[in-house]
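Secondary and tertiary structure notes
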Amino acid sequence: MEPRPSDDAPSHDALRADNAALRRELELLRTALERMPQGMCAFSGDDKLVLANAQYRKIWNLPAEAVRPGTTFRQIMNVTPGRETPASRDRPPPAPGSEGTRWREWQLDDGRIIEVLVSRLADGSCVALHEDATEKHQVQERVSFLARHDLLTGLPNRAVLREELDRALAGSRRGETFALLCLDLDRFKPVNDTYGHAAGDELLKQVAARLRHCLREVDVMARLGGDEFAVVQRGGVQPEASTRLGLRIVDTLSQPFDVDGHVVHIGTSVGVTLAPQDGADPETLLRHGDLALYRAKSEGRGQISYFEPAMNKRIEARRGIENDLREAMGNGQLSLAYQPRFALDDGRIIGVEALLRWPHPQRGMVRPDEFIPLAEETGLIVPIGRWVLQQACRDALRWPPHITVAVNVSAVQFVRSSVTSDALQALADSGLPARRLELEITETSMIKDPTVVLSVLHGLREKGVHIALDDFGTGYSSLSHLHRFPFDHLKIDRSFVRDLPDRADLRAIVRGVTTIATGMGMQTTAEGVETQEQLAAVRALGCTAVQGFLLGRPMPAEALTALVVSRA
Ligand code: G
Ligand code: G
Ligand code: MN
C-alpha cells in the first residue's frame, strides 16, 4: 500500500500545479524582461551578475561573455567603453548599507549618454535599470541653449553676458583688468523700415559674423536685443586693447553690407567701461557701458567713448530735472508767454508765437532750450505739447480774429504722430477756427523722417491749420524743403538778422529767400529784430513781417491782450 499523504502536506498533483504556475510566471517575467525598453541587470550581494536582459548588453555594447551569470561587476566595468559623467560623480552616494535608489550617468566613447538607476536591497544585492538618454539629453541641451542664446544670431544673450561679467570680475579680484564694450548700430532702423524685417534680420546676422571676426578666442560677445551688442574683452592691457578693438569694430561695421542685393551703409557707436575700476558688479558695468555709449552716440556716430564718473552726476542731474518737469506738468506749473508778430506794411499785430515757460521754485525760470531736449528724449514732450496746444488755442480766443497763434512742435510729436489729433482736439475743445492756428516746425524735424512728417503736415493743412517753417537758414538750410511742402509761412532765423544790414552776403541771401517765398505765396517773418537798422533792412529786403525784442518781447497772455487793445 502506498503511504497516504498526510492531510497538511501538499499533494503531488498540487505541487506539480504550483510548479507549472511558477514556470508560467517566470516565463512571463522573462518575456517582460526581454521586451522592456530598458536594460536590466541584477547582482548578488558579492557583486556577481545574477541576471541580465539582452537590452542591457545592447545599450552598453558589451560582448556576450561579459554578461554571463557569475561575472563580477568589476569585470564588466573593465570592458565598458566610457566614463561616468561629472554630474553623476558629483552626486553624493547613499549611506553605506542603506537601501535606496541611486542615479548614475555615463558617457560612452561613441557619445551616447546612459542613465542608470541602481536599487540596492537590504541583503546587499542590487537591481539596475539602464536607459539610453542620448536623445533626451540633446533636447535638454537644445532647450538650455535656446534659453541662453539669441535665436537669430546664435550669440549668447544678456543672461550669459552677466555670468561672463561675474567670472571676469572674479578674475579681476586676482588683479586682472577687463573691458566691457557696448555697441549700438547706427542707421539700423531705416534699413529695417525700408527693406523689411527679413532684411533687418539678415543684416544683424552679417553684423554678428563681422564682429566675431574682430574678436579673439577669449572674448565673449552677446546680443542684448534689437541692434545692441556687447563684448567682454579679457586679458589685454587696458585701455589700449579696448581702444584697438573698438576702432576695429567701428571700421568693420562701417564697410557697406550686401543685404538681399541692396548695398546698405550702417555703422556703430561704442561705449567702453573698464573693470574693476568702473564697477564691481555686472549691473553697474552694464549701466556705465550704456552711459558711455550714450555719449558716443551724442558726439556723432561711429565714435568710441569711455565711461567717466562725471557721467553719473550728469545723469542724476538730468533725472532731477526730468522728475521736476513731470511734476510741473502735472501741477500746472508750466505757462506760456506770447511774442507778437507784426506786419511790415501797416504795422498791425498779425500773430503771436506761444513760447513755453517753466518758473521753477528753486532753479528760477528754466529756459525751453534746457528742458525741451530732455522732454523730447523722455517722451514728455507729447503730453507737454498737447497742453501747449490746448492752452494756446484757449488764449487765442481773447484776441481779434485776424491774429493767429503759432505753436512750436518738435520732431518727436510727429514721429509719435500725436500732433494731428492733439491739434484737432485743441481746436474742437476751444472752438478756435483752424485757420487761426499755426504750427511751427524746424528743418531738423523735416529731415528726420520726411515721409511721416510730410503726410502729417498735409493732413493738418487740409483741415485749414497753417504751417510755418521755423529757424529757416540754420542747420540744413535747404531751399528744397520749400518745394517739398507748400508752407504758409517762412521764419528767417535771427542769426541772419543779427548781422544786418552790414553784411552784403546776408543781405543777398535774405533777398533771395524772400523773393522765392513771396513768389510761392508765403509770408516771410524776420526773427530776432532788435534794432531800428535791422527793421529797416528786413523791410527793404522784402520780408512781410517781423518779430523781435524791438517791437515786442515774449509776455504773459494778459499783457498781450493789453498791447492789442492799446494799439487798436
Ligand atoms: O523764448 P525761447 O527761449 O522761448 O525759446 C527757445 C526755443 O524753445 C525756441 O527754439 C522755441 O522754438 C522752443 N520752444 C518754445 N516753446 C516751445 C514749445 O511749446 N514746444 C516746442 N517743441 N518748442 C518750444
Ligand atoms: O526757434 P524759435 O524761433 O521758436 O525761437 C524763438 C526764440 O527767440 C525764443 O527764445 C524768443 O525768446 C527768442 N527771441 C525772440 N525775439 C528775439 C530777439 O529779438 N532777440 C533774441 N536774441 N531772441 C529773440
Ligand atoms: Mn518758433
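Our subject is the structure listed above.
Here the structure is a predicted model, which means the values were calculated and not measured.

A separate point is the side chain of Gln413. In this fold, Gln413 is placed in helix H14 (residues 411–415). The buried category is assigned to Gln413, whose relative accessible area is 3%. Reaching out from Gln413, the side chain makes a polar contact with the backbone nitrogen of Ser410 at a distance of 2.8 Å. Once residues within four sequence positions are removed from consideration, Gln413 is found in contact with Ile381, Gly385, Asn408, Ser418 and Val419.

Summarising the sheet, strand E4 (residues 100–108) and strand E5 (residues 113–120) pair through 8 bridges and their orientation is antiparallel. Note on E5: the bridge partner recorded for Trp103 is Leu117. Count of turn residues in the E4/E5 antiparallel hairpin: 4 residues, of which Gly111 carries a positive phi of about 95°. For E5 and strand E6 (residues 126–132), the ladder comprises 7 bridges, and the chain directions are antiparallel.

Around the manganese ion (ligand 3), the protein contributes the donor atoms Glu353 (OE), Asn408 (OD1), Glu440 (OE) and Asp470 (OD), which lie 2.1 to 2.4 Å from the metal centre. Counting gaps between the donor residues of the manganese ion (ligand 3) yields the pattern E-x54-N-x31-E-x29-D. Of this pair, Asn408 sits in strand E17 (residues 404–408) while Asp470 sits in strand E19 (residues 466–472); the two residues are 62 residues apart in sequence, bridging distant segments of the chain. A residue is classified by how much of its surface remains accessible, and Asn408, at 30% relative accessible area, is partly exposed. Look at Asp470 and you get buried, because its relative accessible area is 4%.

Before going further, it helps to examine the packing of aromatic side chains. This model, assessed by the stated rule, comprises 5 aromatic pairs. Ring geometry for Phe43 against Phe73: centres 5.4 Å apart, planes inclined by 90°, an arrangement best described as edge-to-face. With Phe43 in strand E1 (residues 39–43) and Phe73 in helix H3 (residues 73–78), the pair connects residues that are 30 residues apart, well separated along the chain. Phe73 sits in the partly exposed class, given a relative accessible area of 36%. A centroid spacing of 5.9 Å and a plane angle of 75° characterise the contact between Trp60 and Trp106, whose relative ring orientation is edge-to-face. Of this pair, Trp60 sits in helix H2 (residues 54–60) while Trp106 sits in strand E4, and the two are 46 residues apart along the sequence. Of the residues examined, Trp60 reaches a relative accessible area of 5% and is grouped as buried. Positioned over the ring face of Phe549 is Arg553, at 4.0 Å from the centre of the ring.

Strand pairing in a sheet relies on backbone hydrogen bonds, with the paired strands running either antiparallel or parallel. If you trace the 5 strands from one edge of the open sheet to the other, you get E8-E9-E7-E12-E13, paired in mixed fashion. Edge strands, defined here as strands with exactly one partner in the open sheet, are strand E8 (220–225) and strand E13 (304–306). Mean inter-strand twist for the sheet, computed between neighbouring axes without regard to direction, equals 20°. In terms of strand pairing, strand E7 (residues 178–186) meets strand E9 (residues 228–234) through 7 bridges, oriented antiparallel. Note on E9: the bridge partner recorded for Phe178 is Arg234. In the packing of helix H9 (residues 240–254) onto the sheet, contacts are made with E7, E9, strand E12 (267–275) and E13, and the angle to E12 comes to roughly 165°. Packing of helix H10 (residues 282–298) onto the sheet brings it into contact with E7, E12 and E13, and relative to E12 it is tilted by some 140°.

Procedures and definitions
- Residues numbered from 1 in each chain as written.
- Chains lettered and ligands numbered in written order.
- Predicted model: local features only at pLDDT ≥ 70, side-chain atom pairs only at ≥ 80, totals over all residues.
- Heavy atoms only, no water.
- Helix = DSSP H or I, 4+ residues; strand = E, 2+ residues; numbered from the N terminus.
- Buried < 20%, exposed > 50% of the residue type's maximum accessible area, 1.4 Å probe, protein only.
- Polar contact = N/O pair within 3.5 Å; in protein donor to acceptor, adjacent residues only side chain to side chain.
- Contact = heavy atoms within 4.5 Å.
- Pairing = 2+ DSSP bridges.
- Donors = N, O, S within 2.8 Å, 3.2 Å for Na, K, Ca; no water.
- Phe/Tyr/Trp six-rings, centres within 6.5 Å; stacked < 30°, edge-to-face > 60°.
- Lys NZ or Arg CZ within 6 Å of the ring centre and 35° of its normal.
- Axes fitted to C-alpha atoms, helices over the stretch in contact; angles between N-to-C directions.

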